[in-house]
Amino acid sequence: MKILITGAAGFIGSNLTEALLERGHTVVGLDNLSQGFLLNLKNVQNHRRFRFVEGDIRDEKLVLRLTRGCDVVVHLAAFKIPRYSDAMDTLLINSHGTLSVLKAAAHYGAKVVAASTSDVYGKNPKVPFSEDSDLVIGRPEVKRWSYAISKMFEEQLLFAYHERHGLNVVALRFFGGYGPNQHLTWWGGPQSVFINAAIDDEDIPLHGDGMQTRSFTYISDHVDGIVACIEKSEANNQVFNIGNTREITIKELALLIWGLVRGGEPKLKLTPYETFGKYEDVMRRVPDISKARRLLNFNPKVDLEEGLKTTIRWQIGRRRALGMPTPDLTLRFEDRAE
Ligand SMILES: NC(=O)c1ccc[n+]([C@@H]2O[C@H](COP(=O)([O-])OP(=O)(O)OC[C@H]3O[C@@H](n4cnc5c(N)ncnc54)[C@H](O)[C@@H]3O)[C@@H](O)[C@H]2O)c1
């Protein structure tokens, strides 16, 4: 197949590009490099079935041109939860970008596999979340909800395009991805920041009391879920949770990472939620993945400790490649393996 990936230079996009090329597909990658890196695509930059285009998903003419001849568009480009800025980019890039992608896909009849997020379940206290659970979102003064709302709009727009134009669409609610090519800041998730702190022998910042839970999914498992949705017609016009079902508190994650990188007494620092202005956190987040198991044969394979070891090794290498001062460390798990 010929597949257009928006956000191809980002974390999920770059890993997916490699996997699709390995499976024999042809890939066109679009990214404006606002949060992604060409370095993420260095393994594929000269591949004969890959082409990278720097550009914006809101450029409708460009997206239309790139969609021509594609069987599938995987729409990953987005802005995430605004932490240190206002909500405008998240709301407008995600809504206009999705509209631009859907217009082009409808014009050429390409299937759309789009990234939503586990954040759409919001404050719903009933875990695990299945795809038909309620989406419980907080008040508009709390800008973190702008992300979930932009993705709920995206999901609705996908199904409106299906109804009006007969387009095949899939909405994927990802749960906490981590692994090689993750962004090294909060943009990449708490594990990126925790690994950096442990490498630097600095305090690991925990938001609130650190007792909020998450489910962390290794990137190859996310990629397996996306590939199944691209290739299987059973995925068409469905919403899927794509994630690992192991629930862990953020504090446990911090202790695990500190133990893998350094061992000894962990340095943890609680950061009150008030630091982010008006903020509300999601206290528990666990997916029910029975639908993805049944229809896609989706089965997360990588256990958290193993995935974190690979990610920690990768992150040390990436920091060095970026010229970030990085101490020589004998990682605890490498030490033990000897
Ligand atoms: N990583 C996760 O665990 C996770 C969890 C839930 C949902 N998601 C969703 O999955 C998708 C991919 O996430 P990711 O972690 O790879 O994020 P990422 O930020 O690493 O990748 C997104 C890419 O989109 C690009 N981009 C942003 N705005 C753009 C624009 N206007 N035009 C063109 N390119 C633009 C960025 O430069 C970046 O490379 C996103 O839609 C995200 O909301 C990811």
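All values reported here derive from a predicted model rather than from experimental measurement.

About the cut-offs
Residues numbered from 1 in each chain as written. Predicted model: local features only at pLDDT ≥ 70, side-chain atom pairs only at ≥ 80, totals over all residues. Helix = DSSP H or I, 4+ residues; strand = E, 2+ residues; numbered from the N terminus. Rg over C-alpha atoms; globule rule 2.2 N^0.38 Å. Buried ≥ 20, exposed ≤ 12 C-beta atoms within 10 Å, placed from the backbone. Pairing = 2+ DSSP bridges. Axes fitted to C-alpha atoms, helices over the stretch in contact; angles between N-to-C directions. Core = buried A, V, L, I, M, F, W, Y, C linked by C-beta atoms within 7 Å. Contact = placed C-beta atoms within 7 Å. Expected span 1.5 Å × (residues − 1). Near = placed C-beta within 6 Å. Nonpolar A, V, L, I, M, F, W, Y, C, P; charged D, E, K, R; others polar. Domains from an automatic or database assignment. Parallel < 35°, antiparallel > 145°, perpendicular 65-115°, else oblique. Left-handed = near helix turned anticlockwise from the far one by under 90°.

Visitor: For this particular structure, what's the right way to read the overall build of the protein chain?
Guide: Along the protein chain, the regular secondary structure elements total 10 helices and 13 strands. Since a compact globule built from 338 residues should have a radius of gyration of about 20 Å, the 19 Å found for the protein chain is in line with a globular shape. Here the C-alpha coordinates of the protein chain stretch approximately 60 × 45 × 40 Å along the principal axes. Across the 338 residues of the protein chain, 43% fall into the buried class.

Visitor: What is the right way to read the sheet that holds strand β5 (residues 111-117) from this model?
Guide: Across a sheet, strands are paired by hydrogen bonds formed along the backbone, either parallel or antiparallel in direction. One open sheet accounts for seven strands, arranged β3-β2-β1-β4-β5-β6-β11; its pairing is parallel. Taken across any chain shown, the strands that pair with only one partner, and hence form the sheet edges, are β3 (50-54) and β11 (238-242). The mean angle between the axes of side-by-side strands here comes to 20 degrees, regardless of whether they run parallel or antiparallel. Direction of pairing for β5 relative to strand β6 (residues 169-174): parallel, over a ladder of six bridges.

Visitor: What is the right way to look at the nonpolar core in this model?
Guide: If you look at soluble globular proteins, the nonpolar side chains tend to sit buried side by side. Counting 60 residues, the largest nonpolar core has Ile3, Val73, Val74, Val112, Val113, Leu172 and Cys229 as its most contacted members. It is helix α6 (residues 219-231) that contributes the most residues to this core, six residues altogether. Once residues lying within four places of it in the same chain are set aside, the contact partners of valine 73 are Leu4, Thr67, Val101, Ala105, Ala110 and Val112.

Visitor: Looking at this model, I keep getting lost on helix α3 (residues 88-108). Mind explaining?
Guide: The end-to-end C-alpha distance of α3, which contains 21 residues, comes to 30 Å, matching closely the 30 Å that a straight helix rising 1.5 Å per residue would cover. Next to the buried residues of α3 lie β1 (2-6), α2 (60-67), β4 (72-75), β5 and α4 (145-165). Glycine 109 sits one or two positions beyond α3 and adopts a positive phi of about 70 degrees.

Visitor: Explanation requested: the site of the ligand in the structure shown.
Guide: Neighbouring the ligand are 29 residues; Gly7, Gly10, Gly36, Ala78 and Gly177 lie closest to it. Contributions of two or more residues to the shell around the ligand are made by α1 (11-22), α3 and β5. The element that contributes the greatest number of residues to the shell around the ligand is α1, accounting for three residues. Residue composition of the shell around the ligand, grouped by class: 12 nonpolar, 13 polar and four charged.

Visitor: Is there a simple way to think about the domain arrangement of the protein chain in this case?
Guide: A common way to report how large an interface is uses the accessible area buried once the components associate. Here the protein chain is partitioned into domain 1 (2-180 + 217-242) and domain 2 (186-212 + 246-286 + 303-325). Computed over C-alpha atoms, the centres of domain 1 and domain 2 are 25 Å apart. In this complex, domain 1 contributes 21 residues to the contact, which on the side of domain 2 involves 18 residues. Of the residues in the side of domain 1 that touches domain 2, the class split is 10 nonpolar, six polar and five charged.

Visitor: Would you mind going over the pairing of β11 with me for this structure?
Guide: Regular strands show a simple pattern: their side chains alternate between the two faces of the sheet. Buried residues dominate β11, accounting for four of its five residues. As judged from the five bridges shared by β6 and β11, these two strands associate in the parallel manner. Within the sheet, the bridge partner assigned to leucine 172 lies in β11 and is phenylalanine 240.

Visitor: It is not clear to me how unusual backbone geometry should be interpreted in this structure. Could you clarify?
Guide: Glycine aside, negative phi is the norm for most residues, and most peptide bonds take the trans geometry. Cis geometry marks the peptide bond from valine 127 to proline 128; its omega dihedral reads -5 degrees. Mapping proline 128 onto the fold places it in the loop between β5 and α4. For leucine 33, which is not a glycine, the phi torsion comes out positive at approximately 60 degrees. Topologically, leucine 33 is positioned in the loop between β2 (26-31) and β3.

Visitor: How do you make sense of the environment of leucine 38 when you look at a structure like this?
Guide: Residue placement: leucine 38 occurs in the loop between β2 and β3. Ignoring any residue separated from it by four or fewer positions in sequence, one finds leucine 38 in contact with Ala9 and Leu33.

Visitor: Please explain the packing of α2 against α3 as it appears in this structure.
Guide: The angle between the axes and the distance between the axes are what describe a pair of packed helices. Packing of α2 against α3 leaves a shortest axis separation of 9 Å and a crossing angle of 40 degrees. One way to sum up the angle between α2 and α3 is to call them oblique. In the crossing of α2 with α3, the sense of the turn from one axis to the other is right-handed. Of the residues in α3, those touching α2 at Glu60, Val63, Leu64 and Thr67 are Ser100, Val101, Lys103, Ala104, Ala105, His107 and Tyr108. Among the residues forming the contact of α2 with α3, the class breakdown is six nonpolar, three polar and two charged.

Visitor: Is there a simple way to think about the environment of leucine 308 in this case?
Guide: Structurally, leucine 308 is set in helix α9 (residues 304-321). Residue class for leucine 308 comes out buried when judged on the 26 C-beta atoms lying within 10 Å of it. Between the C-alpha atom of leucine 308 and that of alanine 235, which follows or precedes it by 73 residues, the distance is 30 Å.

Visitor: What should I look at first to understand α4 in this one?
Guide: An α-helix turns once every 3.6 residues. As a result, residues three or four positions apart point the same way. Here α4 spans 30 Å end to end across 21 residues, near enough to the 30 Å set by a 1.5 Å rise per residue. Turning to α4, the residues buried within the fold contact α3, β5, β6 and β11. Glycine 166 sits one or two positions beyond α4 and adopts a positive phi of about 70 degrees.

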